[in-house]
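Descriptive structure summary
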Amino acid sequence: GGSSEKPDRYGMLGLLNVIRMVDENLTLVALGTDLTSLGLNLNASENLHETFVSPFVNNSASRTPEYNLPRCYYISPPALKTVFFQKFCDMTLFYIFYHFLTRPSDAPHLELRTSLVKYAYQELGTRGWHHQQEGNLWLKRAEGNQVMYFDHNTMDLRPFVPGQAGTGSTSP
């Protein structure tokens, strides 16, 4: 029993130390801190998060954060030139043509998509490819007078067989 044991810190007798505010740390944990002493105006009509930065900062928050955009954000991108397309391989040009031709038409990028398709079309034509409207195929004569076509479903070149499903019905 007895009187030599420490009083229960978590029972009713321990609560007396909190009420009497004997230990500053215990009082802070149990009762918290007066937020107005940290600079928080609880009577303000605007949102508190707009005026209170942190209990560790003395000044109030500004409404717009301070930041500086890097200089590279002010540089205009280079103009799209057809000479860029001369550096692309045929497969890349086919990808550009079919990818941007079939994209949904969102107004902000319509002009760019149209230009990309046009430039890919022109460069493929320069390289000897012929576009067949029927079937939306690209055809080209290979060695040995064989005609090849680009299959946009599998992204590879295949021999053109007139009348075969998927390759159209006429030769170039």
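Our focus in this paragraph is the overall build of the protein chain. When helices and strands are counted, the protein chain shows six helices and four strands. Overall, the protein chain shows an N-to-C arrangement of helices and strands of α-α-α-α-α-α-β-β-β-β. For the protein chain, restricting intrachain contacts to residue pairs at least 6 apart in sequence, the fraction spanning at least 24 positions comes to 35%.

Attention now moves to the sheet that holds strand 2 (residues 137-141). With respect to topology, four strands assemble into an open sheet ordered 1-2-3-4, the strand pairing being antiparallel. Every other strand in the sheet has two partners, leaving strand 1 (130-132) and strand 4 (156-159) as the edge strands with one partner each. Each neighbouring strand pair of the sheet contributes to a mean axis angle of 35°, computed without reference to strand direction. Across the sheet, helix 5 (residues 90-101) touches strand 1, strand 2, strand 3 (147-151) and strand 4, and the angle it forms with strand 2 is around 155°.

So, on to the nonpolar core. Residues Phe-85, Phe-94, Phe-97, Tyr-98, Ala-120, Leu-124 and Trp-138 are the most contacted members of the largest nonpolar core, which totals 14 residues. Those elements that provide at least two residues to this core are helix 5 and helix 6 (110-126). When sequence neighbours within four positions are dropped, the list of residues in contact with Phe-85 reads Leu-80, Leu-93, Ile-96, Leu-116, Tyr-119, Ala-120, Glu-123 and Arg-127. In terms of nonpolar packing, the next biggest core, distinct from the first, is built from five residues, Leu-137, Leu-139, Val-147 and Phe-160 among them.

With that settled, the discussion passes to the pattern of salt bridges. Where charged atoms of side chains with opposite charge meet at close range, the side chains can pair. Within the structure shown, the criterion is met by four salt bridges. For Arg-127, the salt bridge is made with Asp-90, and the minimal N-O distance between the two is 2.7 Å. Note that Arg-127 is positioned in the loop between helix 6 and strand 1 and Asp-90 in helix 5, a separation of 37 residues in sequence. Judged by relative accessible area, which is 22%, Arg-127 ranks as partly exposed.

Let's shift gears to the environment of Phe-150. In this structure, Phe-150 sits in strand 3. C-alpha separation for the pair Phe-150 and Asn-136, spaced 14 residues apart in sequence, amounts to 9.9 Å. Among all residues touching Phe-150, those that are not within four sequence positions of it are Met-91, Phe-94, Tyr-98, Trp-129, Leu-137, Trp-138, Met-155, Asp-156 and Leu-157.

Okay, the side chain of Glu-123 next. In this fold, Glu-123 is placed in helix 6. On the accessibility criterion, Glu-123 (11% relative accessible area) is buried. Of the polar contacts made by the side chain of Glu-123, one reaches the side chain of Arg-127; its length is 2.9 Å. Once residues within four sequence positions are removed from consideration, Glu-123 is found in contact with Phe-85, Gln-86 and Leu-93.

We now examine the packing of aromatic side chains. Counted according to the given criterion, the structure contains eleven aromatic pairs. Seen from their ring centres, Phe-94 and Trp-129 are 4.9 Å apart, and the 90° between their planes marks the pair as edge-to-face. Here Trp-129 lies in the loop between helix 6 and strand 1 and Phe-94 lies in helix 5, a separation of 35 residues in the sequence. With respect to class, Phe-94 is no different from Trp-129; both count as buried. Centroid distance Phe-97 to Tyr-98: 5.1 Å. Interplanar angle 85°. Geometry classified as edge-to-face. An aromatic cluster of three or more residues is present, and its members are Phe-94, Phe-97, Tyr-98, Tyr-121, Trp-129, Trp-138 and Phe-150.

About the thresholds
- Residues numbered from 1 in each chain as written.
- Predicted model: local features only at pLDDT ≥ 70, side-chain atom pairs only at ≥ 80, totals over all residues.
- Heavy atoms only, no water.
- Helix = DSSP H or I, 4+ residues; strand = E, 2+ residues; numbered from the N terminus.
- Contact = heavy atoms within 4.5 Å.
- Pairing = 2+ DSSP bridges.
- Axes fitted to C-alpha atoms, helices over the stretch in contact; angles between N-to-C directions.
- Core = buried A, V, L, I, M, F, W, Y, C linked by side-chain atoms within 4.5 Å.
- Buried < 20%, exposed > 50% of the residue type's maximum accessible area, 1.4 Å probe, protein only.
- Salt bridge = Lys/Arg side-chain N within 4 Å of Asp/Glu carboxyl O.
- Polar contact = N/O pair within 3.5 Å; in protein donor to acceptor, adjacent residues only side chain to side chain.
- Phe/Tyr/Trp six-rings, centres within 6.5 Å; stacked < 30°, edge-to-face > 60°.

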